[in-house]
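Coordinate inspection notes
Next come the chains, spelled out residue by residue.
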Amino acid sequence: MKRIWLCLALVAGILLLTGYSTGRVRGFAGELTAQLDTAVAALHDDDLPAAHQAILKGAALCQEMRQGSVLYLRTEDFLELEASLRAAASHLTEDAQEEALGELGRAAFLAESVDWLTRRWL
């Protein structure tokens, strides 16, 4: 009987961890998408400081997510996202808006794929 309770406790623990990590990633993807939309809108309005600030805020979100969830999530996706956002920020400091928009598009695709991974059934 103790083995059955132990198995049930393990299954419940796994389900709780899965739900928690899925919720965190979905929240992260929503926040990051909002930052990317803000950056793209600021670039189209030629407001480079606001775009740069939004990009750096998105990169900080990626870094926080990567460092805070190293135990239960794949961190390569967050590394790629952060690298793409940092590259976009460096393009903005060099006044290369087209390259920054390209990197933002890549980051948006990566954020969407991370969000999609939380919505599929294994």
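Everything that follows concerns the structure shown earlier in this document.
What comes next is a walk through the structure. Note that the structure is predicted; figures quoted are calculated from it, not measured. (Residues numbered from 1 in each chain as written. Predicted model: local features only at pLDDT ≥ 70, side-chain atom pairs only at ≥ 80, totals over all residues. Heavy atoms only, no water.)

1. So, the overall build of the chain
What the chain contains, in helices and strands, is four helices and zero strands. Counting from the amino terminus, helix and strand elements in the chain follow one another as α-α-α-α. By the compact-globule yardstick of 14 Å for 122 residues, the chain is too spread out, its C-alpha radius of gyration being 18 Å. Dimensions of the chain, computed from C-alpha atoms along their principal axes, come out at roughly 65 × 20 × 20 Å. Taken across its 122 residues, the chain has 34% of its residues classed as buried. Sequence-distant contacts in the chain: of pairs separated by 6 or more residues, those separated by 24 or more amount to 67%. (Helix = DSSP H or I, 4+ residues; strand = E, 2+ residues; numbered from the N terminus. Rg over C-alpha atoms; globule rule 2.2 N^0.38 Å. Buried < 20%, exposed > 50% of the residue type's maximum accessible area, 1.4 Å probe, protein only. Contact = heavy atoms within 4.5 Å.)

2. A short note on the pattern of salt bridges
In this structure the tally under the stated criterion is three salt bridges. Measuring nitrogen to oxygen at the nearest pair gives 3.0 Å for the salt bridge that ties Glu82 to Arg66. With Glu82 in helix H3 (residues 76-93) and Arg66 in helix H2 (residues 48-68), the pair connects residues that are 16 residues apart, well separated along the chain. Note that Glu82 is salt-bridged to Arg86, the shortest N-O span being 3.3 Å. A residue pair is termed a helical-turn pair when its members lie 3 or 4 positions apart in one helix, as Glu82 and Arg86 do in helix H3 at four residues. Among the residues examined, Glu82 registers a relative accessible area of 9% and is labelled buried. The exposure class of Arg86 is partly exposed, given its relative accessible area of 37%. It is possible to trace a salt-bridge network through shared partners that takes in Arg66, Glu82 and Arg86. (Salt bridge = Lys/Arg side-chain N within 4 Å of Asp/Glu carboxyl O.)

3. Details of the nonpolar core
Of all hydrophobic cores here, the largest spans 26 residues; its most connected members are Phe28, Leu32, Ile55, Leu81, Leu85 and Leu104. With residues near it in sequence (within four places) discarded, Ile55 still touches Ala39, Leu85, Ala88, Ala89, Leu92 and Leu104. (Core = buried A, V, L, I, M, F, W, Y, C linked by side-chain atoms within 4.5 Å.)

4. Concerning a nonpolar patch on the surface
Residues Met1, Ile4, Trp5 and Leu8 make up a contiguous nonpolar surface patch of roughly 500 Å² in combined accessible area. When its relative accessible area of 69% is taken as the criterion, Met1 is described as exposed. (Patch = residues over 30% accessible without salt bridge, like charges linked within 9 Å, V, L, I, M, F, W, Y side chains within 5 Å. Areas by Shrake-Rupley, 256 points an atom, 1.4 Å probe, with all protein chains shown as cover.)

5. Quick notes on the packing of aromatic side chains
Aromatic rings considered in pairs are described by the distance between their centres and by the relative angle of their planes. Tallied over the full model, the rule gives one aromatic pair. Plain terms: the ring middles of Phe28 and Phe78 are 5.2 Å apart, the flat faces sit at 75° to each other, and that makes the pair edge-to-face. Separated by 50 residues along the polypeptide, Phe28 in helix H1 (residues 2-44) and Phe78 in helix H3 bring together distant segments of the chain. In this structure Phe28 comes out as buried when scored by relative accessible area, which is 5%. (Phe/Tyr/Trp six-rings, centres within 6.5 Å; stacked < 30°, edge-to-face > 60°.)

6. Considerations on H3
Spanning 18 residues, H3 covers 26 Å between terminal C-alpha atoms, matching the ideal 26 Å at 1.5 Å per step. Asp77, Phe78, Leu81, Glu82, Ser84, Leu85, Ala88, Ala89, His91 and Leu92 are the residues of H3 that are buried. Against the buried residues of H3 lie H1, H2 and helix H4 (97-119). Immediately downstream of H3, the backbone of Asp95 shows phi near 60°, a positive value. (Expected span 1.5 Å × (residues − 1).)

None of the figures reported here should be taken as evidence of function without further support.
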